[in-house]
Amino acid sequence: MMSKKRNFGLVEKVTLIHFLLMFGYKLFSIYFPLYLVGKGFSILEVGYTSFLIYIGLAVFSPVVGYLNHKIRPSLLVVSGVVGYAIYSLLMLISVPGISFYLAQILLGVSGALFFVSSRVFLMGKEVKKKDSAFSWFYSAPSYAEAIAPIVGALLIWKVGFVGAFLASLIVQIGASLFAFSSLRKEKADNFTEMELSECLDNYAKVGNSMKFNKMGFPVLVSFLVLILAGFNNTFFVLFLKDLGLSQDQVLGFNSLICLLFLPISFLINMHIDRVRSVDNISLGGKVVGLFSVILGSLTTVMNLFSLSIIVIAKNIGSLIANSGRSGLMGVRLRRFPEEAAAVDTIFSPLSTAFGALIGGLLIYYFGYASIFIIFGVVIVLSSFFVRREDNL
């Protein structure tokens, strides 16, 4: 009983740190494309900026997976949170030129440190209900978004982005202190010393295990969902402006969506373990794809009420699919928790980087609506091919 209590407490700690981290970051991140456009960035440059963040996270994640064999995951989590604080400081002082782009790479590296090392804890042997554990973890940004964008919007409206960057810095410093104080004595129950050659061999075994366990289509569907999410994360606020919304209306709309999604995500977290991980991926993909097609098809005729329903539905599908993927990997790859955590972490930033890059290249030629429809159709069709074997 003591072991279960300890690990449940650990899941709570990691989730709370994730909440604080995302609260600080989302004070400005949702509106960051507006900031960039205001600075004279083109659509392609906005996409490239987002690409740098997430490609850095994806590339560095395997390195962090190896570091988790050498350094306590708790210290790596704290280092990642500190990196977010440094990034907020760099945005506050408005670093110019090449320094700005290096700051985006720093953010990606910090994200790898935090997310890979956090997943190592959540993929531990004693965490039995992995879908729900990851669902709570993935919901942390949603809980942060219930308040942070509202606060950030007020700060941006009153004093500009400098106020949001300063508030973010203060929150990230607090998150760093909390992470250090709550995790400094924690050690992942699966922590093992390992040489680089053995770690590389484990990555190969992870790849073979994914193939052997027929995880290809479930992971592919989740990857496609994340590519669309990456496109939305980078360009959705600009899409809203393209619909004719003012910056203040964009700020208010996003704040309202985040607030409405909060109780819904809580209900999903309470019940997500009732079905298998692979079924969660399939269902989540169908929901995301269907409502993406609806969004693209009704772009010229929908109002804010219908738009809010569509966006919330897409968020629900994304939460279900991503939680299912991480839960599936946590169960099927439990022999290699550090490597599985790194591989799982790679999916989100790599797909987000692709989504940002694809959007930056294609919006000018195809427009937002066509991209929503094309991606939605591909995701729905792929979701129908997800295997539903009893042993998954």
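Residues numbered from 1 in each chain as written. Predicted model: local features only at pLDDT ≥ 70, side-chain atom pairs only at ≥ 80, totals over all residues. Heavy atoms only, no water.

Regarding the packing of helix α7 (residues 148–159) against helix α11 (residues 247–271)
And step 1. Direction vectors running N to C along α7 and α11 enclose 165 degrees, while the axes themselves pass 9 Å from each other. As judged from the angle between their axes, α7 and α11 are roughly antiparallel. Handedness of the α7/α11 crossing: left-handed. Where α7 abuts α11, its residues Pro 149, Ile 150, Ala 153, Ile 156 and Trp 157 lie against Gln 247, Asp 248, Leu 251, Ser 255 and Cys 258.
And step 2. Looking at the contact of α7 with α11 residue by residue, the class counts come to 7 nonpolar, 2 polar and 1 charged. (Axes fitted to C-alpha atoms, helices over the stretch in contact; angles between N-to-C directions. Helix = DSSP H or I, 4+ residues; strand = E, 2+ residues; numbered from the N terminus. Parallel < 35°, antiparallel > 145°, perpendicular 65-115°, else oblique. Left-handed = near helix turned anticlockwise from the far one by under 90°. Contact = heavy atoms within 4.5 Å. Nonpolar A, V, L, I, M, F, W, Y, C, P; charged D, E, K, R; others polar.)

Quick notes on the environment of Ala 112
And step 1. Position of Ala 112 among the secondary structure elements: in helix α5 (residues 97–122).
And step 2. Note: C-alpha distance between Ala 112 and Leu 57 (55 residues apart in sequence) is 4.9 Å.

Describing the packing of aromatic side chains
And step 1. A complete count under the given rule lists 23 aromatic pairs for this structure.
And step 2. Ring plane angle 55 degrees and centroid distance 5.8 Å describe the contact between Tyr 48 and Tyr 101, whose orientation is recorded as tilted. Of this pair, Tyr 48 sits in helix α3 (residues 43–67) while Tyr 101 is found in helix α5, placing the two residues 53 residues apart along the sequence.
And step 3. Exposure remark for Tyr 101: the relative accessible area of 22% places this residue in the partly exposed category.
And step 4. Seen from their ring centres, Phe 231 and Tyr 368 are 6.3 Å apart, and the 55 degrees between their planes marks the pair as tilted. Within this pair, whereas Phe 231 is found in helix α10 (residues 216–242), its partner Tyr 368 is found in helix α14 (residues 337–383), the two being separated by 137 residues in sequence.
And step 5. On the basis of relative accessibility, which here comes to 3%, the residue Phe 231 falls in the buried class.
And step 6. Owing to a relative accessible area of 10%, Tyr 368 belongs among the buried residues under this scheme. (Phe/Tyr/Trp six-rings, centres within 6.5 Å; stacked < 30°, edge-to-face > 60°. Buried < 20%, exposed > 50% of the residue type's maximum accessible area, 1.4 Å probe, protein only.)

Details of a nonpolar patch on the surface
And step 1. Among the surface-exposed residues, Leu 44, Leu 361, Leu 362, Tyr 364, Tyr 365 and Phe 366 lie close enough to one another that they form a single nonpolar patch of about 720 Å² accessible area.
And step 2. With 5 residues, the top contributor of residues to the nonpolar patch is α14.
And step 3. Turning to its location among the elements, Tyr 365 is positioned in helix α14. (Patch = residues over 30% accessible without salt bridge, like charges linked within 9 Å, V, L, I, M, F, W, Y side chains within 5 Å. Areas by Shrake-Rupley, 256 points an atom, 1.4 Å probe, with all protein chains shown as cover. Salt bridge = Lys/Arg side-chain N within 4 Å of Asp/Glu carboxyl O.)

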